[in-house]
Amino acid sequence: MSGIDECLLEVMRLPGARGAAVVDWTSGLALGTIGDSPNGDHEATAAETAEVARMAAEQPAFALSDQEPSTGPDENAVTGTGAAPPVEDVIITTRAGYHILRFVETAFDSSVFLHLWLDRSDGNLALARIRLGEMAKRLVLA
């Protein structure tokens, strides 16, 4: 188990990592940041990525369970009552890099995600996605 600072330090050890943040997707606040920000402002980046995460987490198209079709979004995931968001991660590719938003399941409201900005030429998207998932499982928010 690791805290936010330890988790962010570990994220930055990934090949090609340019910057990272732990963000609350309901408020858009950065709970912790490290490295560079794509637009030079970690708080603005947190708010922008939170909007993307919120849109993905609240869409019924992404909330389908493996057993049965959904009639709408999972209310627990949308309202933050402890259920995990229906999405594991969101990957956005640009000409110069990748942005991985990895949702973190927590005991209290599961409204947090890890944002990793990865350089396209130096990074390994598959490895980063796997490691980010492992880190998200170990992240302890107090």
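Just above sits the structure.
The model shown is predicted, which means the values in this text are computed figures rather than measured ones.

Moving on: the packing of aromatic side chains. Scanning the entire structure with this criterion turns up two aromatic pairs. Geometrically, the ring pair formed by Trp-25 and Phe-103 is edge-to-face, given 6.1 Å between the ring centres and 85° between the ring planes. With Trp-25 in the loop between β1 (17–24) and β2 (30–35) and Phe-103 in strand β4 (residues 97–104), this residue pair connects regions lying 78 residues apart in the sequence. Classification of Phe-103 as buried rests on a relative accessible area of 5%. Where Phe-103 meets Phe-113, the ring centres are 6.3 Å apart and the plane angle is 55°; that geometry is what we call tilted. You can see Phe-103 sitting in strand β4 and its partner Phe-113 sitting in strand β5 (residues 112–119), a full ten residues away along the chain. Residue Phe-103 shares its accessibility class with Phe-113, and that shared class is buried. Here the basic side chain of Arg-18 rests over the ring of Trp-117, its NZ or CZ set 4.2 Å away from the ring centre.

Further remarks concern the environment of Val-140. On the secondary structure map, Val-140 appears in the segment after α4 (125–138). Measuring from C-alpha to C-alpha, the distance between Val-140 and Cys-7 comes to 9.1 Å, with 133 residues separating the pair along the chain.

Let us now look at the side chain of Asp-24. Following the sequence through the fold, Asp-24 ends up in strand β1. Although Asp-24 is buried, it makes no salt bridge; Arg-54 carries the closest opposite charge, 6.7 Å away. At 2.5 Å, the side chain of Asp-24 forms a polar contact with the side chain of Thr-26.

Moving on, we get to the nonpolar core. Within the largest apolar cluster, 20 residues are counted, with the highest numbers of intra-cluster contacts made by Val-11, Val-22, Leu-114 and Leu-116. Listing elements by their share of this core, those giving two or more residues are α1 (4–11), β1, β4, β5 and α4. Contacts of Leu-114, omitting those with residues within four sequence positions, involve Cys-7, Ala-21, Val-22, Ile-100, Leu-101, Arg-102, Val-104, Leu-132, Met-135 and Ala-136. Membership of the second largest hydrophobic core comes to 14 residues, among which are Ala-30, Ala-46, Val-90 and Leu-101.

Here we come to the sheet that holds β2. Read across the open sheet, the five strands follow the order β2-β1-β5-β4-β3; overall the sheet is antiparallel. Each edge of the sheet is formed by a strand with only one pairing partner; in this case those strands are β2 and β3 (89–93). Neighbour-to-neighbour, the strand axes of this sheet turn through a mean angle of 10°, independent of strand direction. Strand direction decides the pairing type here: β1 and β5, joined by seven bridges, are antiparallel. Bridge assignment links Asp-24 to a residue of β5, and that residue is Val-112.

Of the voids in this model, the largest pocket is the one considered here, and its volume is about 200 Å³. Around the largest pocket sit eleven residues that line it, and Glu-88, Arg-102, Phe-103, Val-104 and Glu-105 are the ones nearest its centre. Counted by class, the lining of the largest pocket contains six nonpolar, one polar and four charged residues.

Here we come to a negative patch on the surface. Negative charge collects at one region of the surface, where Asp-41, Glu-43, Glu-48 and Glu-51 lie side by side. Inspection of the secondary structure assignment puts Glu-43 in helix α2 (residues 42–58).

Definitions and limits used
Residues numbered from 1 in each chain as written. Predicted model: local features only at pLDDT ≥ 70, side-chain atom pairs only at ≥ 80, totals over all residues. Heavy atoms only, no water. Phe/Tyr/Trp six-rings, centres within 6.5 Å; stacked < 30°, edge-to-face > 60°. Helix = DSSP H or I, 4+ residues; strand = E, 2+ residues; numbered from the N terminus. Buried < 20%, exposed > 50% of the residue type's maximum accessible area, 1.4 Å probe, protein only. Lys NZ or Arg CZ within 6 Å of the ring centre and 35° of its normal. Lys, Arg positive; Asp, Glu negative; His and termini not counted. Salt bridge = Lys/Arg side-chain N within 4 Å of Asp/Glu carboxyl O. Polar contact = N/O pair within 3.5 Å; in protein donor to acceptor, adjacent residues only side chain to side chain. Core = buried A, V, L, I, M, F, W, Y, C linked by side-chain atoms within 4.5 Å. Contact = heavy atoms within 4.5 Å. Pairing = 2+ DSSP bridges. Axes fitted to C-alpha atoms, helices over the stretch in contact; angles between N-to-C directions. 1 Å grid on protein atoms, 1.4 Å probe; cavity = no way out; pocket = protein on both sides within 12 Å on 5 of 7 lines; lining within 4 Å. Points joined across faces, edges and corners; volume = space filled by probe spheres on them. Nonpolar A, V, L, I, M, F, W, Y, C, P; charged D, E, K, R; others polar. Patch = residues over 30% accessible without salt bridge, like charges linked within 9 Å, V, L, I, M, F, W, Y side chains within 5 Å. Areas by Shrake-Rupley, 256 points an atom, 1.4 Å probe, with all protein chains shown as cover. Charge placed at Lys NZ, Arg CZ, Asp CG, Glu CD.

Without other data, these values stay purely geometric and don't point to any function.
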